[in-house]
Amino acid sequence: MKAARIERVKRRVLREAVAENLDVIRGAHPRAVRPANRLSRIWLRRAPYLLVPLTLAAYLARGSGGEAAAPVVRAFITTPAALRLPLAETTTSVERVTSAAFPLAVRRVVLDAGHGGSDPGATAARVSEKAITLDIGHRLRTLLEREGFEVIATRADDRTIALKDRARLANDSNSDIFVSIHVNAIVKYTASRGIETYYLGPTSDPSLTQLAAAENRVSGYSLGDMRKLLDGVYADARRDESHELAAMVQQQLFTTLRASDPGLENWGVKRAPFIVLVATDMPAVLAEVGCLSNEQEAAMLARPEYRQKIADALFHGIRAYASANDGPKKKGTPNHG
Amino acid sequence: MADILHVGIDLGTSRSAISASNGERFVVDSFVGWPLDMVAKKVLKREVLIGHEAVSNRTMLDLHRPLERGLLKEGSEKDVEAVRELLKHLLRLVGVNGKIDASNVRAVVGVPAAALRTNKQYLRNSMKGIVDSLLIVSEPFAVAYGLDALLHTMIVDIGAGTTDFCVMKGRYPTEEDQRTLTIAGDSIDTQLLKLIEERYPQANVTVFMVREWKEKHSFVGEPPARVVVTAPVKGVPTEIDITGEMRTACETILPPVVETMIDLLVRVEPEFQERVRNNIILSGGGGLIRGLSDALENALKGVGGGKVRYMQDPVFIGSDGGLALAIDAPEGDWEKLTA
């Protein structure tokens, strides 16, 4: 009887192994990590957290003569696609669901050292953005791994990697957060130097559109791909998470680096449509950790000790975000969708 | 119809093994090297060197270890070429392209789980055309299959570049059932080298020497004997005692391994947790560290206790599992899995 059961299980796992390989041959996403499935599973698992407050909210709204809440409740309990409502609808009808309803632990971090290979990014007399971001990425990786995080780097050396491939690596690796490291250059205002951290969102600031366009150059996406990517993505569930991560990273960067450079300005947390933020499935931020167009800052960025400070600050920001989201792990609740 | 040869290959970060249905089994070091220049080529009289031969002649070679840290580096043509050379070499050892034609070979290749997680398509493309049909699976899964340990079992495969964890729940493992740490044999080597250099700054020691010492003398907990090795100090072969350093270096892997093991355990459905705890299987070269299974069992006492077994034949445990998969896969499936 036992042998028959083992044979049955063997046949099943073998069939599943073959099916997964056939998916790869056909170019489909692996069964276990198809992003849509993954998101669906997260939503299904968290549905009770949502249904109770939302149903209550809808009931109260009806009771007070309001009708607005009903469509929102339907939207939330159908599919993840329903999340892609215009921002105004999700924010005004009922009390917003905060990220506390989705306490997913952070274990796997994607580090994206901006630019590389034939794309140097911003340059100054002795340094290029691609070299600085790679070095900070290496230093940050060491710190994160020492703390027990799993780290996946989009590039480990000086090579050209399309933004599409960076996003694909992040998505395929089923990672928890994505941190892209860049260095600013504002050629019109060389006296300025500051720190800023971005998360995904629309912007009406033409200078930010210009910056996003510059960083999005080596994307590898077609116009058709972009439309699909941008379709409603600004309102998706990971926006709040990304904002929280961006805020923690920015705070650490500014407080740490200001100590070394009193003239450093805090340019804050901002929204912009960088491709790596658009195309990734997980909470994602892009940190502009310095400003190469400023001569004094370029000199500091050329120093390994200063780059270590940047890596330290990024590490503390990521760790603060991870700690804030780590509640259920201690209780043994599954965190991965 | 010509006879079909089924093979199971364990493509490891440190060693790779092959088990074939004709009874042949071989293991080689996962190193591939190309002569650096014309002089080296003339001395070595070969286009490419593989395994121990490559390590021994490393000063004359552009040496590659294609799955270092468990990943095949995307975009690195040399690493892809190294994987292909390694596979071809393993197949040659069991008779492929001698008596057996590559078009009659059906291969199951087990790779570190991390390599599969990042880019399955790339991995598959890089192995294309070497055999007739190819099935790629994660290494701990191949181990579990070979041992019939498919239900309520945890495989902890401590290799060189990665430590792979996999909980078998009677289904093909998903992302949620697996974890990979880059803390493994290589990180012990690095740590041991650092500690020896700190204590014996005059000694001239390389990572290759340290690896060899680790493979002979590794342990955690109480030392079974003093570890005394010979290393050149200012050119003079000198005996040095590295007992403390060996213990410290080997014990660095304990906290992350224990933490990951327990983290995976608590994610198992509560009614099955005890069964999984009592069915933990250590595989891979790291499992040879003396005292490791006892240390892991001690750590499990905090969550109700458990049993950690170590398989006696760690070298071929993965490739034998792959061979079992290759033989069991139905003919119809192999036709679809053309490489």
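All values reported here derive from a predicted model rather than from experimental measurement. (Residues numbered from 1 in each chain as written. Chains lettered and ligands numbered in written order. Predicted model: local features only at pLDDT ≥ 70, side-chain atom pairs only at ≥ 80, totals over all residues.)

A.B. asks: Where do I start with the overall build of chain A in this structure?
C.D. replies: On a plain count of helices and strands, chain A comes out with 13 helices and six strands. Of all 337 residues assigned to chain A, the portion counted as buried reaches 42%. At a minimum sequence separation of 6, the contacts of chain A that also span at least 24 residues come to 81%. (Helix = DSSP H or I, 4+ residues; strand = E, 2+ residues; numbered from the N terminus. Buried ≥ 20, exposed ≤ 12 C-beta atoms within 10 Å, placed from the backbone. Contact = placed C-beta atoms within 7 Å.)

A.B. asks: Can you walk me through the overall build of chain B in this structure?
C.D. replies: Scanning chain B from terminus to terminus reveals 14 helices and 15 strands. Of all 339 residues assigned to chain B, the portion counted as buried reaches 51%. Of all intrachain contacts in chain B linking residues separated by at least 6 positions in sequence, the fraction that spans at least 24 positions is 70%.

A.B. asks: Just to check I follow, could you spell out the pairing of strand 2 (residues 15-20) of chain B for this structure?
C.D. replies: For a regular strand, side-chain orientation follows a simple rule: the groups alternate between the two sheet faces. All names here are of chain B. Within strand 2, six of the six residues are buried, which leaves the element mostly enclosed by the surrounding structure. Because side chains alternate across strand 2, one face comprises the buried residues Arg15, Ala17 and Ser19, and the other comprises Ser16, Ile18 and Ala20, equally buried. Here strand 2 pairs with strand 3 (residues 25-29) via five bridges, running antiparallel. Across the sheet, residue serine 16 finds its bridge partner in strand 3, namely valine 28. In this structure, the hairpin formed by strand 2 and strand 3 is closed by a connection of four residues, where glycine 23 is found at a positive phi of approximately 90°. (Pairing = 2+ DSSP bridges.)

A.B. asks: How should I be thinking about the packing of helix 7 (residues 185-199) of chain B against helix 9 (residues 243-251) of chain B in this particular structure?
C.D. replies: In a packed pair of helices, the relevant descriptors are the angle between the two axes and the axis-to-axis distance. Residues and elements named next belong to chain B. At a closest axis distance of 8 Å, the pairing of helix 7 and helix 9 adopts a crossing angle of 150°. Crossing of helix 7 over helix 9 shows right-handed handedness. Across the interface between the two elements, Ile188, Gln191, Leu192, Leu195, Ile196 and Arg199 of helix 7 pack against Glu245, Met246, Thr248, Ala249 and Cys250 of helix 9. The residue inventory of the contact of helix 7 with helix 9, partitioned by class, reads seven nonpolar, two polar and two charged. (Axes fitted to C-alpha atoms, helices over the stretch in contact; angles between N-to-C directions. Left-handed = near helix turned anticlockwise from the far one by under 90°. Nonpolar A, V, L, I, M, F, W, Y, C, P; charged D, E, K, R; others polar.)

A.B. asks: When you look at the pairing of strand 10 (residues 163-169) of chain B in this model, what are you seeing that I'm missing?
C.D. replies: Residue and element names in this part refer to chain B. With seven of seven residues buried, strand 10 lies mostly within the body of the structure. Relative to strand 10, strand 9 (residues 151-158) runs antiparallel, the two being bridged by seven bridges. Bridge pairing links valine 156 to phenylalanine 165 in strand 10.

A.B. asks: Explanation requested: the sheet that holds strand 1 (residues 5-11) of chain B in the structure shown.
C.D. replies: Strand pairs in the sheet, formed through backbone hydrogen bonds, run parallel or antiparallel to each other. Residue and element names in this part refer to chain B. Strand order in the open sheet made by the five strands is 3-2-1-7-8, with mixed pairing throughout. At either margin of the open sheet sits one strand with a lone partner, and together these are strand 3 and strand 8 (133-138). For this sheet the average axis-to-axis angle between neighbouring strands, irrespective of direction, equals 15°. As defined by bridge partners, strand 1 adjoins strand 7 (residues 105-111) across six bridges and the pair is classed as parallel. Note that in strand 7 the partner of glycine 8 across the bridge is valine 108. Sheet strands touched by helix 6 (residues 139-146): strand 1, strand 7 and strand 8. Its angle to strand 8, the strand with the most contacts, is close to 95°.

A.B. asks: I would appreciate a short explanation of the nonpolar core in the present structure.
C.D. replies: Where a protein is soluble and globular, its nonpolar side chains tend to be buried together. The biggest cluster of nonpolar side chains holds 101 residues, and the ones touching the most others in it are Val7(B), Ala107(B), Val109(B), Leu135(B), Val156(B) and Leu325(B). Considering each element in turn, this core owes the most residues, seven residues, to helix 3 (residues 77-93) of chain B. Two domains each provide a minimum of three residues to this core, namely domain 1 (5-143 + 316-336) and domain 2 (185-251) of chain B. Contact partners of Leu135(B), with chain neighbours within four places excluded, come to Ala17(A), Val18(A), Asn21(A), Val108(B), Leu325(B), Ala329(B) and Leu337(B). Membership of the second largest hydrophobic core comes to 66 residues, among which are Tyr198(A), Leu277(A), Ala284(A) and Ala311(A). (Core = buried A, V, L, I, M, F, W, Y, C linked by C-beta atoms within 7 Å. Domains from an automatic or database assignment.)

A.B. asks: Could you clarify how one ought to interpret the sheet that holds strand 3 (residues 177-184) of chain A in this entry?
C.D. replies: Residue and element names in this part refer to chain A. On the basis of which strands lie adjacent, the open sheet formed by six strands has the order 2-1-3-6-4-5 and mixed pairing. Looking at the sheet topology across the chains shown, the edges are occupied by strand 2 (150-153) and strand 5 (265-271). Taken over all neighbouring pairs, the strand axes of this sheet differ in orientation by 20° on average, direction set aside. Here five bridges tie strand 1 (residues 108-113) to strand 3, and the two strands are oriented parallel to one another. Opposite valine 110, over in strand 3, you have phenylalanine 178 as the bridge partner. Contacts from helix 5 (residues 129-146) reach strand 1, strand 2, strand 3 and strand 6 (284-291), with the element oriented near 145° to strand 3.

A.B. asks: Can you help me understand the interface of chain A and chain B in this one?
C.D. replies: When the parts of a complex come together, some accessible area is lost, and that lost area is often taken as the interface size. Chain A puts 29 residues into the contact, and the matching count from chain B is 32 residues. Elements that contribute at least two residues to the side of chain A that touches chain B include exactly helix 1 (2-26), strand 2 and helix 6 (163-172) of chain A. Element by element, the count of residues in the side of chain A that touches chain B is highest for helix 1 of chain A, at 13 residues. Grouping the constituent residues of the side of chain A that touches chain B by class yields 14 nonpolar, seven polar and eight charged.

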